[in-house]
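So the chains spell out like this:
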Amino acid sequence: MIEKSKVNGFTLVELLIVIAVLVVTSTVLFQVFSNTLKGGGKAQYVSTLKQNSQSALDIMDKAVRSASSVVCSTVTPPVSLVIQNSDGTYTRLRFPVQISGSNGYIEKEALSYPVSTSACQDGSVSPKIITDNDPKNGVSVTNGQFTVNSAPGLGYAVTMQFMVNPPVSLSPVFSSQIGSVTMKTTVSLRGYTPFRSQ
């Protein structure tokens, strides 16, 4: 009788089963980590959108709130608002025409020349961009508008509204998951002094 020698070890079937279990487990873990990273990136972009839009809105709010009068506003691009400050200087807030492939943004510009209603359509000389328009990490501003209401003896109320979107260079799939943030506020001019006849 021939004796079979027993060899300790795993059979081919056992090894294949272990490999299959490891592949399935590693695939599930990869999906979990991948989704976690995507969620973290999405939260970061949403936070950036909100911070950037709130910062721009605060700058615009402060400028309008301290103004003494509204010189002009436009509804056709470039959408602009020119205000006279309490010290006699002028400030223009503007949503410039968005160029294809680049982020939309908001400008704030101090005007030093004598201002008339044409200042709303004049070209910008030295504007300060008050939103982060970096194509990879910034934001894109769209649908900006100013609405000016006035009541005799009560002054002006300016409504500012705009939409903040992910930067244009962000992948469309990721951008659609993030969405956009609409910012809107109405501000009364504190520095307004009604005209008094003497």
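Now for a look at the structure at hand. Predicted model, so just to flag it, every value in this text is computed and none were measured.

Thresholds, definitions, all that
- Residues numbered from 1 in each chain as written.
- Predicted model: local features only at pLDDT ≥ 70, side-chain atom pairs only at ≥ 80, totals over all residues.
- Heavy atoms only, no water.
- Patch = residues over 30% accessible without salt bridge, like charges linked within 9 Å, V, L, I, M, F, W, Y side chains within 5 Å.
- Areas by Shrake-Rupley, 256 points an atom, 1.4 Å probe, with all protein chains shown as cover.
- Salt bridge = Lys/Arg side-chain N within 4 Å of Asp/Glu carboxyl O.
- Helix = DSSP H or I, 4+ residues; strand = E, 2+ residues; numbered from the N terminus.
- Buried < 20%, exposed > 50% of the residue type's maximum accessible area, 1.4 Å probe, protein only.
- Polar contact = N/O pair within 3.5 Å; in protein donor to acceptor, adjacent residues only side chain to side chain.
- Contact = heavy atoms within 4.5 Å.
- Core = buried A, V, L, I, M, F, W, Y, C linked by side-chain atoms within 4.5 Å.

1. Quick notes on a nonpolar patch on the surface
Alright, step 1. Taken together, the side chains of Leu12, Leu16, Ile19 and Val23 make up a nonpolar region of the molecular surface, amounting to roughly 410 Å² of accessible area.
Alright, step 2. Looking at the secondary structure, you find Leu16 in helix α1 (residues 12–65).
Alright, step 3. Leu16 gets classed as exposed once you look at its relative accessible area, which sits at 51%.

2. Concerning the side chain of Ser53
Alright, step 1. Mapped onto the secondary structure, Ser53 falls in helix α1.
Alright, step 2. With relative accessibility at 1%, the residue Ser53 sits in the buried group.
Alright, step 3. Among the polar contacts made by the side chain of Ser53, one reaches the main-chain carbonyl oxygen of Lys50 at a distance of 3.1 Å.
Alright, step 4. Discounting chain neighbours no more than four positions away, the residues touching Ser53 are Phe162, Val164, Val181 and Met183.

3. A few points about the side chain of Ser140
Alright, step 1. Relative to the helices and strands, Ser140 resides in strand β6 (residues 140–151).
Alright, step 2. For Ser140, a relative accessible area of 2% gives the class buried.
Alright, step 3. Separated by 3.0 Å, the side chain of Ser140 and the backbone nitrogen of Gly104 make a polar contact.

4. A look at the nonpolar core
Alright, step 1. Ranked by size, the top nonpolar core spans 30 residues in total, and within it Met60, Val64, Phe146 and Phe162 carry the most contacts.
Alright, step 2. The set of elements that each furnish at least two residues to this core consists of α1, β1 (67–73), β2 (79–85), β3 (90–95), β6, β7 (155–165), α2 (172–178) and β8 (181–188).
Alright, step 3. The element that contributes the greatest number of residues to this core is α1, accounting for 7 residues.
Alright, step 4. With 7 residues, the next largest nonpolar core counts Tyr90, Leu111, Ala119 and Cys120 among its residues.

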